[in-house]
Amino acid sequence: MSRKLSIWLIWLTLCAGLAGLLGYEMLAKPEKPSFLIGPTTHGHYQIELSCDTCHTDPFGGKELLHDACMGCHEQELKDAHDSHPRKKFTDPRNVDRLEKINATNCVSCHGEHKQHQTFAMGVTLPEDFCYECHQEVAKDRPSHEGMGFDTCASAGCHNFHDNRALYEDFLLANQSGPMVKAMAQVLARSGTQDIKRKEPLSLAQADADAAHEIVEGWSLSGHAEAGVNCTDCHSTTGVWQDDPGVASCSSCHENEESGFLAGKHGMRLKAGLGKMSPALARLPFKADADQSGLDCASCHDAHQPDLKVAAVESCQSCHDDDHSRNYADSPHASLWQKELADELPAGSGVTCATCHMPREAHKAFGKVTVRVEHNQNMNLRPNEKMVRSVCMDCHSLAFSLDALADQTLIMNNFNGKPGSHIPSIDMAVARDREKKDR
Amino acid sequence: MLKKSIICAALVATPLILTGCQDEPKAVGIKPELYTDSLFAVMKADRTNYTKLIIKRLGPAGANAIAPKEHWQDLENGAPLPAQMFRAGAEAVAEMTDDFTYSLQSLWPINSQNAPRTEMEKQGLEYIAANPGKNFYGEEKLGDTTYFTAVYPDVAVATPCVTCHNEHKDSPRTDFKIGEVMGGVVIRVPLGG
C-alpha cells in the first residue's frame, strides 16, 4: 500500500470516527456539549446541553425558537399582564418599528449563546432600546426630560414585561404606608384542601417493612394522617421503588410538581437531563452540599415532612452566596426565630421560602386554596416581580421599591435601610396633583 | 319590428346561456369596502352588546356586581371597559389570523400609542372627525405590502365615555360631548397575494 493511500485511509477513518462520535452525541445522547456554541444566560444554563429543548426542530428560525420560549414562559407572561405581548406588535402599522426591533419574537431581544453582549434580564439589545418606540415620552411626561433611555428598566421604574407593581395608578393607590405594616403577616396555609384524603393510618398499618425510625417518622407525618401508606408512594408503578422520585409525589402534589419542574431546581429534570445539583450550578454552594440531585425529597423528607425545615434549613444546606449567608443575622430571620419560639403568631416570620417560594391564594368556584409557588422564577427576576406577591404583605410599596433597588441591602439580606430612593411614586403623585390643579 | 326584437333578445340571452353552461362558476370576489364594512358591523354590534348587556346591566348603573375599571385586572370583580374589551378582541384576532387587523385609534388618545402612526391613519381619522357619519377608505403601502385601509367613526354614545375621556389625566382633550367623534376604528386588509 502506497504511503499516500495509507494517509488517505487514516484520514477517512479519523473522519468517520469523529462523525460517528458527533452523530452519536447528536442523535442518541440527551446532553450535547460538543454542539454548545457558547454559554447561555442565568435562566437557561441548567438546560443548555439539551439543544432540542429550545431548538425543537432542525429546520426553523426565530419563529420556532419563539414557540419554544412560549412553551415555558407563556403562562408567566400572562400572569404578569405582559406590557409588551407579541400581539401588540403584529398590526402592520408597526412595520417600521419592527424593522428596527422585531418585538414579535422573544429571541430578537433575548438572544442566547451571546454572553459577551448579554445585559440584565438576558437582554441582548443595547440597553437604551426603549428609545425606538418611546423617544417622545418627555412630551407627555416632562419629568422624564433628559433621562437616559438606558435607565428606563434599570432604575427601578419600568420593566418591559411585568409592570404590575410599577404602573402609575398602582403607585398612586399605594403612595403611602409605613415601612413595616402593623399586621405584617404572610398568608395562612389553607392546608392541602385540593388533595384527596383517606382515613388516617397508624404505625401498625404501614404496608412495608422498613427501618423503625423511617416508619415511626412516617406514622407521625402528614402523609400517615392523610392515609398515604408506604406503597402509595413507593409502588405507584406496581413495582417497589426505593427512590420513587418526583412522579410519585405528583400523583397528589400536581401543582407543586409543575412549579418545581418549571423552576431552577427542576428544569433539568423536565428537559430530560437528570437532576440538578449544586455542582452543576453557577451560584456559590457549600462544599459539603448534597450532590445527589434535587427532587422533592431533597427539601421535604417524605417520611418526616416538616415545612419549617423546608422553609430555611433545606435552602441553607446548599446555598452559600452572600444573601443566603447573611440571612441568619437578618431582621427577617429574627422574626422567624420568634415565630418558632411562639413569641409571634404564625405567619410573622420571614423564611427563604416566604420570599422565593411564597404562598399564593388561588380562588376557584368560590373556594380559596393557598399554595406554595415552587417555581422561584415567578418571583425572582426582575426583582420588582416580588413587590406585590411578597414584599407588600408586610412593607409599603415605597420601601419595597427602594429596598429592591439597593444591591448592597439585598446582599446583606435587608439588614438596614435602603441607601437610595426610587422617585417613581413622587413623580406619579406630583403629576397627579398637577393634572388635578389644571 | 318583431324580427328586431327577436335578434336583440337572442343577442342578450346568448352570453347569459353560455355563461350558465360553463362547468366552473365565475369567481366573484368581495369588494374590500363590503368586507371591512361587514367586519365593522360585527365589531360594533359586539361592542354595543358588551356595553349594554354586561357593563350597563351588571356595572354601577345596574346590579353593581362588576367594576368596569381601567385597571380591571387588579380587582376581583373588575371588568374591562368597552374600549379595552374592543382592543382585547383586536389582539385576540391578531393571534388567530393576519388576514385582517383592526385597532381603535384617536387623534386625542389617552394612550399616545393609540395615536395615528401612518399618514393614512391620520388622514382617515381627520376625515371622519370632519365628516360625521361618513367612513374613510384608502390604500397604503406598509413595508412590502399594500393594504386596503378603512376608518370608521367611533362616536361618544354614553355619558361615561365622555366623562372618562374628559377627566382622565392622560387625555389630551377634555371637551368631548355626546354624539361627537372621539376616535376611529381602523381596519386593514392586505391586498393581492
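None of these values were measured; they are calculated from a predicted model.

Procedures and definitions
- Residues numbered from 1 in each chain as written.
- Chains lettered and ligands numbered in written order.
- Predicted model: local features only at pLDDT ≥ 70, side-chain atom pairs only at ≥ 80, totals over all residues.
- Helix = DSSP H or I, 4+ residues; strand = E, 2+ residues; numbered from the N terminus.
- Buried ≥ 20, exposed ≤ 12 C-beta atoms within 10 Å, placed from the backbone.
- Contact = placed C-beta atoms within 7 Å.
- Pairing = 2+ DSSP bridges.
- Domains from an automatic or database assignment.
- Axes fitted to C-alpha atoms, helices over the stretch in contact; angles between N-to-C directions.
- Nonpolar A, V, L, I, M, F, W, Y, C, P; charged D, E, K, R; others polar.
- Core = buried A, V, L, I, M, F, W, Y, C linked by C-beta atoms within 7 Å.

Some points on the overall build of chain A
Looking only at helices and strands, chain A has 23 helices and two strands in total. Its C-alpha atoms give chain A principal-axis dimensions of roughly 85 × 80 × 45 Å. A total of 438 residues make up chain A; the buried ones form 26% of that total. Restricting the contact set of chain A to residue pairs at least 6 apart, pairs at least 24 apart contribute 55%.

Comments concerning the overall build of chain B
Scanning chain B from terminus to terminus reveals five helices and six strands. Taking the contacts inside chain B whose residues are at least 6 apart along the sequence as the reference set, 52% of them involve residues at least 24 apart.

Focus: the pairing of strand β6 (residues 181-190) of chain B
All names here are of chain B. Most of β6 is tucked away, with eight of its 10 residues classed as buried. Where strand β3 (residues 101-105) meets β6, five bridges bridge the pair, whose relative direction is antiparallel. Across the sheet, residue Tyr 102 finds its bridge partner in β6, namely Ile 187. With nine bridges joining them, strand β5 (residues 145-155) and β6 adopt antiparallel strand pairing. Its bridge partner being in β6, Val 151 is matched across the sheet by Val 186.

Some details on the domain arrangement of chain A
The parts lose accessible area when they come together, and the size of an interface is often stated as this lost area. All names here are of chain A. Domains assigned within chain A are domain 1 (41-133), domain 2 (199-244) and domain 3 (253-411). With centres defined by C-alpha atoms, the gap from domain 1 to domain 3 works out at 27 Å. The interface of domain 1 with domain 3 comprises 10 residues on the first partner and 13 residues on the second.

Here we look at the sheet that holds β3(B)
Residues and elements named next belong to chain B. Taking strand neighbours across the sheet as the criterion, the four strands line up as β3-β6-β5-β4 in an open arrangement whose pairing is antiparallel. Among the strands making up the open sheet, the edge pair consists of β3 and β4 (136-142). When strand polarity is set aside, the average angle formed by the axes of neighbouring strands in this sheet is 25°. In terms of strand pairing, β4 meets β5 through seven bridges, oriented antiparallel. Looking at β5, one finds that Leu 142 is bridged to Thr 145.

Here we look at the interface of chain A and chain B
Across the boundary between the two partners, chain A contributes 12 residues, which contact 18 residues of chain B. Looking at the side of chain A that touches chain B residue by residue, the classes come out as two nonpolar, two polar and eight charged.

A look at the nonpolar core
By size, the foremost hydrophobic cluster in this structure holds 33 residues, and its most contacted members are A:Cys352, A:Met386, A:Val387, A:Leu397, A:Leu401 and A:Leu404. In terms of residues, this core owes the most to one element, helix α21 (residues 397-404) of chain A, which gives five residues. With residues near it in sequence (within four places) discarded, A:Leu397 still touches A:Ala165, A:Asn174, A:Gly177, A:Val387, A:Met392 and A:Ile425. Judged by nonpolar contacts, the second largest core, of 16 residues, contains B:Ala83, B:Phe86, B:Tyr102 and B:Val185.

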